[in-house]
Amino acid sequence: MFDAAPTATARASGGGWKRKVQLAVTVDDDGVIRHVKVSSPQLTQTTEYVDLGEPQVIERPPPDTRADGR
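Note that this is a predicted model, so its numbers are computed, not measured.

Thresholds applied
Residues numbered from 1 in each chain as written. Predicted model: local features only at pLDDT ≥ 70, side-chain atom pairs only at ≥ 80, totals over all residues. Heavy atoms only, no water. Pairing = 2+ DSSP bridges. Helix = DSSP H or I, 4+ residues; strand = E, 2+ residues; numbered from the N terminus. Axes fitted to C-alpha atoms, helices over the stretch in contact; angles between N-to-C directions.

Sheet topology note: the strand E2 (residues 33–39)/strand E3 (residues 44–48) ladder contains five bridges and is antiparallel. Each residue of the ladder has a partner; that of Val38, found in E3, is Gln45. Where E2 folds back onto E3 in an antiparallel hairpin, the turn is made up of four residues.

If you walk across this open sheet you meet the three strands as E1-E2-E3, and the pairing is antiparallel. Lying at the two open borders of the sheet, with one neighbouring strand each, are strand E1 (22–27) and E3. Taking the axes of each pair of neighbouring strands and ignoring which way they run, one obtains an average angle of 10° across the sheet.

This is the structure:
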């Protein structure tokens, strides 16, 4: 186990890791993390992991929606 706070703080904009947050993690019967929810008074971020180990389809976004325009 390690503390990611020093690394994350260097990348975070604003007050990353300065306030307490609530963390909820759902682990399935196989010990695989499936759901992570981080909540603070200002923001809630939820990440779900589905179809792990399955081929993924990743499509390039249209040029007009990309920051580099390519």
